[in-house]
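Each chain, letter by letter, is given below.
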Amino acid sequence: MTNDQGQITIDEAAANADIQKIRSAIAKLQEAQNSMKMLKANAETMTGMTGSAIADKSQSLSRQVDDLITNLNQAAQLISKTVAKYKEQDAGLAGQIRGFL
C-alpha cells in the first residue's frame, strides 16, 4: 500500500489475510488434484483409447496443479518474510528514534 507521501507501507493484517486466502486456494487445488488422481486411476482400468487419453490428460493437469501449489507456497513464504523484514526494520528505526529523544 502507498500512503499520501508515496511511501510504501506494509499492512500486516492484510498480508495475513492474503496468506490465508493463498492457503485456502492451496487446499482447494489439493482437493482437485486428489480427484484427478482418482480419475486417472479409474481411467487406467478402462479399455481402449479413451481411458488412456483421460489418464494422460489427468496426469498432465496434476503436474500443472503441483506447479501452482509450489508457486502459491512460495508466494505465501515471500509475503511472510517481507512482513517480518519490515517489522524488524520498523523496530530498529523506533529504537534509533527513542535514542535521539
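One can find the structure itself at the top, above this paragraph.
Computed from a prediction, not measured in an experiment: that's the story for all the values here. (Residues numbered from 1 in each chain as written. Predicted model: local features only at pLDDT ≥ 70, side-chain atom pairs only at ≥ 80, totals over all residues. Heavy atoms only, no water.)

Asks: Got a minute to help me understand the overall build of the protein chain in this structure?
Replies: Along its length, the protein chain carries 2 helices and 0 strands. Taken against the 2.2 N^0.38 rule, which gives 13 Å for 101 residues, the C-alpha radius of gyration of the protein chain at 22 Å runs more than 25% over that of a compact globule. Taken over the C-alpha atoms alone, the protein chain extends approximately 80 × 25 × 15 Å along its principal axes. A burial count over the protein chain gives 16% of its 101 residues as buried. Counted over contacts in the protein chain with a minimum sequence separation of 6, partners at least 24 positions apart contribute 68%. If you sum the accessible surface of the protein chain, you get close to 7,700 Å²; carbon and sulfur atoms cover 56% of it. (Helix = DSSP H or I, 4+ residues; strand = E, 2+ residues; numbered from the N terminus. Rg over C-alpha atoms; globule rule 2.2 N^0.38 Å. Buried < 20%, exposed > 50% of the residue type's maximum accessible area, 1.4 Å probe, protein only. Contact = heavy atoms within 4.5 Å. Areas by Shrake-Rupley, 256 points an atom, 1.4 Å probe, with all protein chains shown as cover.)

Asks: How should I be thinking about the environment of threonine 70 in this particular structure?
Replies: Position of threonine 70 among the secondary structure elements: in helix H2 (residues 49-100). The class for threonine 70 is partly exposed, based on a relative accessible area of 40%. For the pair threonine 70 and glycine 51, spaced 19 residues apart in sequence, the C-alpha to C-alpha distance is 29 Å.

Asks: Can you walk me through a nonpolar patch on the surface in this structure?
Replies: Judged by side-chain polarity, Ile8, Ile10 and Tyr86 come together as a nonpolar surface patch covering roughly 300 Å² of accessible area. With respect to the helices and strands, the residue isoleucine 10 is situated in the segment before helix H1 (12-44). (Patch = residues over 30% accessible without salt bridge, like charges linked within 9 Å, V, L, I, M, F, W, Y side chains within 5 Å. Salt bridge = Lys/Arg side-chain N within 4 Å of Asp/Glu carboxyl O.)

Asks: Help me out: how do you make sense of H1 in this one?
Replies: Since one α-helical turn is 3.6 residues long, residues separated by three or four positions face the same way. Compared with the 48 Å implied by 1.5 Å per residue over 33 residues, the 47 Å span of H1 between its first and last C-alpha is a close match. Within H1, burial applies to Ala15, Ile19, Ile22, Ile26, Leu29, Gln33, Met36 and Ala43. Residues of H1 that are buried sit in contact with H2. Regarding H1, its N-cap is aspartate 11, as a side-chain oxygen of that residue lies 3.1 Å from the backbone nitrogen of alanine 13 further along. (Expected span 1.5 Å × (residues − 1). Polar contact = N/O pair within 3.5 Å; in protein donor to acceptor, adjacent residues only side chain to side chain.)

From the geometry alone we can't say anything about function, so treat these as descriptive.
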